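# Analysis of the macromolecular model
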Amino acid sequence: MVSAERSKQVQVLDSHTEGEPTRVVVEGGPDLGQGTLAERLQVFRDRYDGFRSGVTCEPRGSEVVVGALLCEPSNPECAAGVIFFNDVGYLGMCGHGTIGLVRSLEYLGRIKPGKHRIETPVGEVGVELKAGGRVSVSNVLSYRYRTAVPVEVPGLGTLTGDIAWAGNWFFLIGEHPFELTMERRAELIAATHAIRAALSASGITGADGALIDHIELFGKPEHAENSSRNFVLCPGASFDRSPCGTGTSAKMACLYADGKLAEGEVWRQEGFLGTHFSGSIEARGEAILPTIEGRAWITGKSVLVFEDDDPFVGGIEF
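Just so it is clear, the structure is predicted and the values come from calculations on it, not from any experiment. (Residues numbered from 1 in each chain as written. Predicted model: local features only at pLDDT ≥ 70, side-chain atom pairs only at ≥ 80, totals over all residues. Heavy atoms only, no water.)

## Re the nonpolar core
A general trend in soluble globular proteins is that nonpolar side chains are found buried together. This is how it is decided: Throughout this description, the term nonpolar core refers to a set of buried Ala, Val, Leu, Ile, Met, Phe, Trp, Tyr and Cys residues connected via side-chain atoms within 4.5 Å. Working definition: with a 1.4 Å probe on protein chains only, accessible area under 20% of the residue-type maximum means buried, over 50% means exposed, and in between means partly exposed. Each helix is a run of DSSP H or I of at least 4 residues and each strand a run of E of at least 2, with the numbering of both proceeding from the N terminus. We call two residues in contact whenever any of their non-hydrogen atoms come within 4.5 Å of each other.
If you look at the biggest cluster of nonpolar residues, it comprises 59 residues, and the most contacted ones within it are I118, F171, I195, L199, I212 and L217. Take this core: its biggest share by element is five residues, from helix 4 (residues 185–201). When near neighbours in sequence (up to four residues on either side) are disregarded, F171 contacts V149, V151, T160, G161, D162, I163, I195, L199, I212, H214, I215 and E216. By size, the runner-up hydrophobic cluster in this structure holds 18 residues, among which are V12, V25, L32 and V313.

This is the structure we're talking about:
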C-alpha cells in the first residue's frame, strides 16, 4: 500500500544509457532521514519497499527499469546522493545509472559540464560531464576476489568463472558454449539464471557471504574496434541492455589481476545491443580504480500517480 508519508504523485525523469533505462525520482520520494546513504538505504528497504516496486515494476515500470532516488548527500561537496534500485531490490552502485543520473542532473539545470562527485551507499564516485551527452564515471575500488571457480550447473555441466567486486558482485565467465546474439537471448537468460541458482545452491559467494547477483558472459565482439562482447544478467529476470558499467569494471579488475590490462590502456566493452563503454584503470595495490565512459539520452519527463484504491499501487512483482 502507499505509505501515508509519501506523495501520491511522484515526478520522474527517464533516460537511457547506451540502451539501458534509468528512472530518476526527482520529487515525491520517501523521507529517509539524515543518516549516511548506507543508513538511508536500510530505511528505504525496511520501510518503503513498496515505493521501490511501485516505481520500477509494472504497471508503471518494467523489469528493465533501474530507479535512482535523488537524495541530499552527506558530503556537501557532492553534487547529489543517490540510491539505485530495480524490480527486485537495491543496487550498491550502478554504472549506467550514474551516467543517466548525471545527464538528468544536467537536464534539470543542477550541474554544468565538468567534474563532480556523486554519493552512493557504497561510497563516493567521481564523474565528469562532457560534450555530446558523454559522461565518465570513476567507480568504487574494484578487485577480483577469487579466480577460476568451478560451479556445477544442472543441464550445463561444470562452468568456471571469476568472482569480482565492482560495486556489485559478479561471476564472470569467458569459456562457455553460448553465442551472445539477440536470437539466443532466451537461452542466455535461462542459462545465466541457472548459473546464479547453482552458485547459491553450492554456497559460492562474494566476500563475507555476499550474494553474487550478477552473471556476466563474454565472447568475441561484433565490431572489430571493441575488445569483447558481454551478456549480463542483472538481479531479477532482466539482462543489461547496456555494456554494464559495474560489469565492465569487474572485467577490468580481472584483466588487471591477470596482467592483461595496464594503466593507460583502453578497454572497449561491447554490450548486447552493440553499444559500448570505454574503460581504463588506475592501480591501487591489488585493486583498481576503474573509469568507464558512455552516453545517455533523456527520454521522458512524467508524473507517476498512485491512487489509494489501485490494487497494484505497489507494483506487480512476478
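## A closer look at the side chain of S136
Looking at the secondary structure, you find S136 in strand 8 (residues 134–138). According to the relative accessible area criterion, S136 is buried, its value standing at 9%. Discounting residues that sit within four places of it in the chain, S136 has contacts with G126, V127, E128, K130, T291, I292 and E293.

## A word on the packing of aromatic side chains
Applicable threshold: Pairs were defined over the aromatic rings of Phe, Tyr and Trp, the Trp ring being its six-membered one, requiring ring centres within 6.5 Å. Orientation was assigned from the angle between planes: stacked under 30 degrees, edge-to-face over 60, tilted for the rest. In this analysis the charged atom, NZ for Lys or CZ for Arg, is taken to sit over a ring once it is within 6 Å of the ring centre and within 35 degrees of the ring normal.
Applying the stated criterion across every chain yields a total of nine aromatic pairs. Aromatic side chains F231 and F272 sit 5.1 Å apart centroid to centroid with 75° between the ring planes, which places their arrangement in the edge-to-face category. Linking F231 in strand 13 (residues 228–233) with F272 in the loop between strand 14 (267–270) and strand 15 (276–284), this pair joins segments that are 41 residues apart in sequence. Judged by its relative accessible area of 1%, F231 is buried. Directly above the ring of F239 sits R241, whose terminal nitrogen or CZ lies 4.0 Å from the centroid. Directly above the ring of F218 sits K251, whose terminal nitrogen or CZ lies 4.2 Å from the centroid.

## Remarks on empty space enclosed by the protein
Selection criterion: Using a grid of 1 Å spacing that covers the protein atoms alone, one calls a set of points a cavity when a 1.4 Å probe fits there but cannot get out, and a pocket when the set is open and has protein on both sides within 12 Å along at least five of seven lines; lining residues are those with an atom within 4 Å of a point. Grid points are joined across faces, edges and corners, and a volume is the space filled by probe spheres set on the points.
Scanning the model with the defined rule gives one cavity of 30 Å³ or more in all. Put simply, the largest cavity is a space of about 140 Å³. Considering the residues around the largest cavity, the lining is formed by 21 residues, among which L91, C94, H214, C234 and D240 are closest to the centre. Those elements that provide at least two residues to the lining of the largest cavity are helix 3 (95–107) and helix 5 (245–257).

## Describing the environment of E119
With respect to the helices and strands, E119 occurs in strand 6 (residues 114–120). Exposure remark for E119: the relative accessible area of 6% places this residue in the buried category. Once the C-alpha coordinates of E119 and G28 are considered, the two residues, 91 residues apart in sequence, prove to be 20 Å apart. Excluding its chain neighbours within four sequence positions, the residues that come into contact with E119 are L37, R40, P73, S74, N75, C78, A80, G81, V82 and E124.

## Observations concerning the pattern of salt bridges
Stated precisely, the cut-off is as follows: Here a salt bridge means any side-chain nitrogen of Lys or Arg lying within 4 Å of a carboxyl oxygen belonging to Asp or Glu.
Counting across every chain of the model gives 17 salt bridges. One salt bridge in this structure joins K8 and D308, with 2.4 Å as the shortest N-O distance. Note that K8 is positioned in the segment before strand 1 (9–17) and D308 in the segment after strand 16 (287–305), a separation of 300 residues in sequence. In this structure K8 comes out as partly exposed when scored by relative accessible area, which is 41%. The salt bridge partner of R284 is E282, with a shortest N-O separation of 3.0 Å.

## Quick look at helix 2 (residues 49–56)
Here helix 2 lies mainly inside the structure; six of its eight residues are buried. The complete set of buried residues in helix 2 reads F51, R52, S53, G54, V55 and T56.

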